[in-house]
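Close look at the chain arrangement
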Amino acid sequence: MAAGAYFAPLSVLLVLVGPWRAASSQQVPVLLWSSQSSLWSSQPGTHGGHVTTDLQLGQYLDAALGSGPRNVLLFLQEKLSIEDFTAFGGVYGNKQDSAFPNLENIMESSPSSLVLPAVDWYAANILPTYLKEKLDVSPLHVDQSTLLELRLNESIPSLLVVRLPYSNSAGLMATKDILRANDEVIGQVLSTLKSEGVPYTALLTALRPSRVNRENDFAVGSFGRQLLATETAKPTPTHPPLAFNKTQNVPCILFWASNITVFMGRELDLTAETFNDPDTGLTEDSECDNRNARLVLNYPNGIRIIFILKNDHYPVSAREWFTLRVEIHNGTLNSTFRAPQVSAPSIYSYHCEYVSTFPDYGHLLIRNTSEGSAAYNWRLSIIDFQIQAFNVTGMRFAYASDCAGFFSPGIWMGLITTLLFVFILTYGLHMVMSLKTMDRFDDPKGPSISVPQNE
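Definitions and cut-offs
Residues numbered from 1 in each chain as written. Predicted model: local features only at pLDDT ≥ 70, side-chain atom pairs only at ≥ 80, totals over all residues. Heavy atoms only, no water. Phe/Tyr/Trp six-rings, centres within 6.5 Å; stacked < 30°, edge-to-face > 60°. Helix = DSSP H or I, 4+ residues; strand = E, 2+ residues; numbered from the N terminus. Buried < 20%, exposed > 50% of the residue type's maximum accessible area, 1.4 Å probe, protein only. pLDDT = per-residue confidence, 0-100. Contact = heavy atoms within 4.5 Å. Disulfide = S-S within 2.5 Å. Pairing = 2+ DSSP bridges. Polar contact = N/O pair within 3.5 Å; in protein donor to acceptor, adjacent residues only side chain to side chain.

Right, let's talk about the packing of aromatic side chains for a bit. If you walk through the whole model with that rule in mind, you get 10 aromatic pairs. Both rings, one in W33 and one in F75, keep their centres 6.3 Å apart while their planes meet at 15°; by these two values the pair is stacked. Of this pair, W33 sits in strand 1 (residues 27–34) while F75 sits in strand 2 (residues 71–79), and the two are 42 residues apart along the sequence. Relative accessible area serves as the criterion here: at 0%, W33 is assigned to the buried category. Its relative accessible area of 0% is what places F75 among the buried residues. Among the aromatic residues, those joined into a ring-pair cluster are F255, F275, F307, Y350 and F385.

Let's shift gears to the confidence of the model for the protein chain. A residue-level look at the protein chain finds 75% of positions with pLDDT of 70 or above and a mean pLDDT of 77. Across residues 1–24, where pLDDT falls below 50, the model places 56 contacts with residues more than four positions away in sequence or in other chains. Across residues 213–236, confidence stays below pLDDT 50; counting only partners more than four residues off in sequence or on other chains, it has 16 contacts.

What follows deals with the state of the cysteines. According to the stated counting rule, one finds two disulfides in the structure shown. Here C252 pairs with C288 through a disulfide, and the sulfurs are 2.0 Å apart. Across the disulfide from C252 to C288, rotation about the S-S bond amounts to roughly -95°, and the bridge is consequently left-handed. Here C252 is found in strand 8 (residues 250–256), whereas its partner C288 is found in strand 11 (residues 287–288), with 36 residues between them in sequence. Shown here is the disulfide that connects C352 with C403, its sulfur atoms set 2.0 Å apart. Because the sign of the S-S torsion sets the handedness, a value of about 75° for the bond joining C352 and C403 places this disulfide among the right-handed ones.

What follows concerns the sheet that holds strand 11. One open sheet accounts for six strands, arranged 11-12-13-14-15-17; its pairing is antiparallel. Each edge of the open sheet carries a strand with a single partner, namely strand 11 and strand 17 (366–367). The sheet contact formed by strand 14 (residues 319–330) and strand 15 (residues 333–345) spans 10 bridges and is antiparallel. Across the sheet, L324 pairs through a bridge with A339, a residue of strand 15.

Here we come to the pairing of strand 18 (residues 379–388). When you tally the buried positions in strand 18, you get seven out of 10 residues, the bulk of the element. Two elements, strand 8 and strand 18, share three bridges in a ladder whose sense is antiparallel. Directly across from W256, in strand 18, lies its bridge partner Q386. Bridge count between strand 9 (residues 259–263) and strand 18: five bridges; the pairing is antiparallel. Within strand 18, the position partnered with V262 by the bridge is L380. The pairing of strand 16 (residues 349–356) with strand 18 spans six bridges and is classified as antiparallel. Residue pairing across strands places Y354 opposite I383, the latter belonging to strand 18.

Let us look at the side chain of T205. Counting through the fold element by element, T205 comes out in strand 6 (residues 201–208). Here P29 takes part through its backbone oxygen, which lies 3.1 Å from a polar atom of the side chain of T205. When residues no more than four places from it in sequence are discounted, the contact partners of T205 are V28, P29, V30, L74, F75, L76, Q77, A124 and L127.

Written as structure tokens, this is what we have:
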């Protein structure tokens, strides 16, 4: 295997499944190969359990795009997890039963190949945009028939995107048939490029993982199988963070939530419009610098939600902290909410399970009492809220300062119970140490001891 341990054929990937299995619910594999040799020989290899971030993936791609072919082929599958290679890869030498014969042959015979078993799922989601900016070309969605009509030029960059489906059926055979068909498409497309003598660099990844492991796989006491146990799927993020880029492809504000709901006489769910298919002008009025940041969300229905973050230096802690204020605008009406409990060091992001105006969910957002009555009944509820507007590096949040306090009710109950038992033990030891032995005894040969009694 050329170029050391960095280049791994697909068969080696099957052996490496174990270390990533516990953390693969939010990662997708990325396979890269090229017709040019020694593209990734200078890049550090990944180790067991390592999750490749978007910045690290960018380093691998920069090495290939900087010195390799400028014709890039992106196979983007709907869903894919590293466990798919284990389940359908023809393990134990049973190659004729493999769903990836073409892919295995390509990875083993390519002059340069690289396998990243665990890559952050949102890094794969932004791959088309990243490659578009790097190559300065628009992506062209193709299939085998349209590829035959194309005439690629080695001197002109091109970005070809091939979409691959994934089975929605619960049956293993249906999934295997889909993966085998995708493998045939990959083989046919690459055969077309080779027949034309066009140098290329190819990638295979997915938009999201296809499998989610049970959370109790490594829990204490989970070594025995429970009868009639049902598998509880851990919810995985369904969309990447929303980013506002002050300069091209350089985010300065990151925002994520699993649900955004506004109550203005009726309930309005704005989650899909914010993350799944955001409008091009959604964040156009936003701005950011080292001291102040404004994330403005402009929705087609006329609603504007503004997150205002201010960064200040506090001499007591000798560090900078940021605070948050939220505004809702609907035409000429507006409502302002203070968030006195929302604060975190500027080098961190802030996360809270509920950021809401409802008292049942912590009441972190407090309305400005000086507002008119027209907007007084407006309510805002954000679930799994996370935001970062300072010291942002790439599409990945920094360490999150969570709104949950360290001393939860369970911890307090445990401390009180422990102190009670320590008091009982201390009192018992004190009573035992207070016992004294008798210092006078009866002599069987002499008179008995008489104890005078007072009448």
